[in-house]
Amino acid sequence: MCMKDVSECEQVILPADSEPTGNEPMSCESIGCEPMGCEPMGCEPTDTTPNKEPKKTIGRSSLNGFKNGANVILGFLKYIIPSVALIKLLEYTGALLIIAKACEPLMSYIGLPGKAAVVLFMGQLSLYSGIAAISTISMTAKQITICCSFLGSFHAMLLESIVVKRTGGSMMLVALFRFLAALASALVLNWIL
Amino acid sequence: MNFHFDFLLMLKDIALTSLDVIWTMACIVVPLLILVEILKDCGIMGIVAKKAKGFTNHLNLPGEAAIGIVVGVGVGLVFGSGVIYNLQQDVKMNKIQLNTLFILVGICHAIFEETAVYAATGANLWGILLTRVLFGILFTYLYIGLLKLMPRRVKNA
């Protein structure tokens, strides 16, 4: 929609800017405004839908995208810093090694080291806690891929289960299917890679 | 176990690692979201949703679910289930339709953003993308297939 509009605008504006022939019913220069002000005028006849929002251009879209990105990154902060702090605390006190040893037999089925149990657990708080945990714990590329794939299908279940329940779905069934999908993708990746 | 660890060294480590993680993510997420926003304003969602309608009919979902699936699978921002919660306010769906949607969008949502964030941590991009999409569709069909084995529950819903 936007791309089409912009290209059509240029077709309208460019001849008027480069060589004013006089065929245009009302060019920008005649009413004494800047060429940029021409854009909404030239576009209005082609825009059939009644739209009260400001005209969408690539510049405005990328500004909005940048704002979204900045918001997302700021939102990450409150997950990332506590998660990194918790894992570093576990690591420095030596508790991480104990957890790793306890979870080693279970995690080895899907080709992950025992330490990854902490990552999968953190991922249940929020996806970005899990990501922070992955970056904090050193693993091989294959292990990271398996970990990410598992978390991708099965993450933030505390929060999501509440949403599922409130919307009217069955909480246990959705959680079960997502867990099975996560397990299956981890097994397949462990087998392929 | 040694409890007399260097607290200051740990704080420094925490700060540096956090900054590193955030910077890596910002480098990936911000350009990607700009691209997504441009594509969204170009009306690409509507075009894809039209194509997805055949798929939703196939899954016995209402036609309006197509846009929910496309938005959820494409750019679901915070969490995938939120998109369906919003959709339920507009179109009332029964429990089976909701569960189908939750399984599909729950397993593979926000595939552009989340895959990019995962790839930033050093994971295999195609491995993650393909397994999520594949298993999302596979388990949705598994759920529908299981329901066909139990016709009684379909009537009750």
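So, here is what we can say about the structure in this document. (Residues numbered from 1 in each chain as written. Chains lettered and ligands numbered in written order. Predicted model: local features only at pLDDT ≥ 70, side-chain atom pairs only at ≥ 80, totals over all residues. Heavy atoms only, no water.)

1. Side note on the overall build of chain A
Basically, it comes down to this: Comment: elements are numbered from the N terminus, with helices defined as DSSP H or I runs of at least four residues and strands as E runs of at least two. Here the term buried applies to any residue with accessible area under 20% of the maximum for its type, exposed to any over 50%, and partly exposed to those in between, with areas from a 1.4 Å probe on protein chains only. Pairs of residues are marked as contacts when any of their non-hydrogen atoms sit within 4.5 Å. Only the protein chains shown count as cover for residues, and the accessible areas themselves come from Shrake-Rupley with a 1.4 Å probe.
Along the backbone of chain A there are 10 helices and zero strands. For chain A, buried positions account for 43% of its 193 residues. Intrachain contacts of chain A at a sequence separation of at least 6 include 60% that bridge at least 24 residues. As displayed, chain A has an accessible area near 10400 Å², and 67% of this comes from carbon and sulfur atoms.

2. Some thoughts on the environment of K12 of chain B
Within the fold, K12 of chain B resides in helix α1 (residues 7-41). Taking the C-alpha atoms as reference points, K12 of chain B and V117 of chain B, separated by 105 residues in sequence, lie 24 Å from one another.

3. Some points on α1 of chain B
Condition: Expected helix span is computed as 1.5 Å times (number of residues minus one).
Its 35 residues give α1 of chain B an end-to-end C-alpha distance of 49 Å, which sits within 8% of 51 Å, the value for a rise of 1.5 Å per residue. With its phi angle positive at about 80°, G43 of chain B sits one or two positions after the end of α1 of chain B.

4. A look at the state of the cysteines
Residues and elements named next belong to chain A. Under the convention used in this document: By disulfide we mean two sulfur atoms from cysteines, separated by a distance within 2.5 Å.
Scanning the model with the defined rule gives zero disulfides over all chains in all. No disulfide involves C148; its nearest neighbouring cysteine sulfur is the one of C147, lying 6.6 Å away. A relative accessible area of 0% places C148 in the buried class.

5. Observations concerning the packing of helix α5 (residues 95-107) of chain B against helix α7 (residues 125-149) of chain B
Residue and element names in this part refer to chain B. What counts, and what does not: Orientation is described by lines fitted to C-alpha atoms, with helices fitted over the stretch in contact, and by angles between N-to-C directions that extend from 0 to 180 degrees. In what follows, roughly perpendicular refers to angles from 65 to 115 degrees, roughly parallel to angles under 35, roughly antiparallel to angles over 145, and oblique to any angle outside these ranges. Crossing handedness follows the turn of the near helix against the far one: under a right angle anticlockwise gives a left-handed crossing, and clockwise gives a right-handed one. Three classes are used, and their members are as follows: Ala, Val, Leu, Ile, Met, Phe, Trp, Tyr, Cys and Pro are nonpolar, Asp, Glu, Lys and Arg are charged, and the others, Gly among them, are polar.
Two numbers describe how α5 lies on α7: the axes approach to 8 Å, and their chain directions differ by 160°. It follows that α5 is roughly antiparallel to α7 by the angle criterion. Note that α5 runs across α7; the crossing there is right-handed. Here α5 contributes I96, N99, T100, I103, L104 and I107 to the contact with α7, which in turn contributes R132, F135, G136, I137, F139, T140, Y143, I144 and L147. Among the residues forming the contact of α5 with α7, the class breakdown is 10 nonpolar, four polar and one charged.

6. Brief notes about the interface of chain B and chain A
What counts, and what does not: Put simply, buried area is the surface a 1.4 Å probe can reach on two separate parts but cannot reach once they are joined, added for both. Salt bridges are identified by distance alone: a Lys or Arg side-chain nitrogen within 4 Å of an Asp or Glu carboxyl oxygen.
Listed per partner, the contact involves 55 residues of chain B and 63 residues of chain A. Around 5200 Å² of area is buried between chain B and chain A when both sides are counted, 77% of it from carbon and sulfur atoms. The interface formed by chain B and chain A holds one salt bridge in total. A salt bridge links D13 of chain B to K88 of chain A, with the shortest nitrogen-to-oxygen separation between them at 3.2 Å. Sorting the residues of the side of chain B that touches chain A by element identifies α1, α4 (80-90), α5, α6 (111-120) and α7 of chain B as the ones contributing at least two each. Among the residues forming the side of chain B that touches chain A, the class breakdown is 33 nonpolar, 15 polar and seven charged.

7. Let's talk about the side chain of K88 of chain A
Convention followed: Side-chain atoms alone can form a polar contact between residues adjacent in sequence; in general such a contact is a pair of N or O atoms within 3.5 Å, and within protein one must be able to donate a hydrogen while the other accepts it.
Considering the arrangement of structural elements, one finds K88 of chain A in helix α4 (residues 58-93). For K88 of chain A, a relative accessible area of 7% translates into the label buried. A distance of 3.2 Å separates the side chain of K88 of chain A from the side chain of D13 of chain B, its partner in a polar contact. If we ignore the near neighbours within four places in the chain, the residues touching K88 of chain A are T136 of chain A together with M10, D13, I14 and T17 of chain B.

8. A closer look at helix α9 (residues 157-167) of chain A
All names here are of chain A. Heads up, the condition is: In this context, the arc is that of the directions from the helix axis out to the C-beta atoms.
The set of residues buried in α9 consists of M157, E160, S161, V163, V164 and T167. Down the axis of α9, the sector holding all buried residues measures 160°, keeping them to one side. Those residues of α9 that are exposed and angled more than 90 degrees off the buried face are L158, K165 and R166.

9. Overview of the pattern of salt bridges
All names here are of chain A. Counted according to the given criterion, the structure contains three salt bridges over all chains. With its nearest N and O atoms 2.7 Å apart, the salt bridge here joins E160 to R178. One end of the pair, E160, is in helix α9; the other, R178, is in helix α10 (residues 171-192), with 18 residues separating them in the sequence. By the burial criterion, E160 is buried, and R178 matches it.

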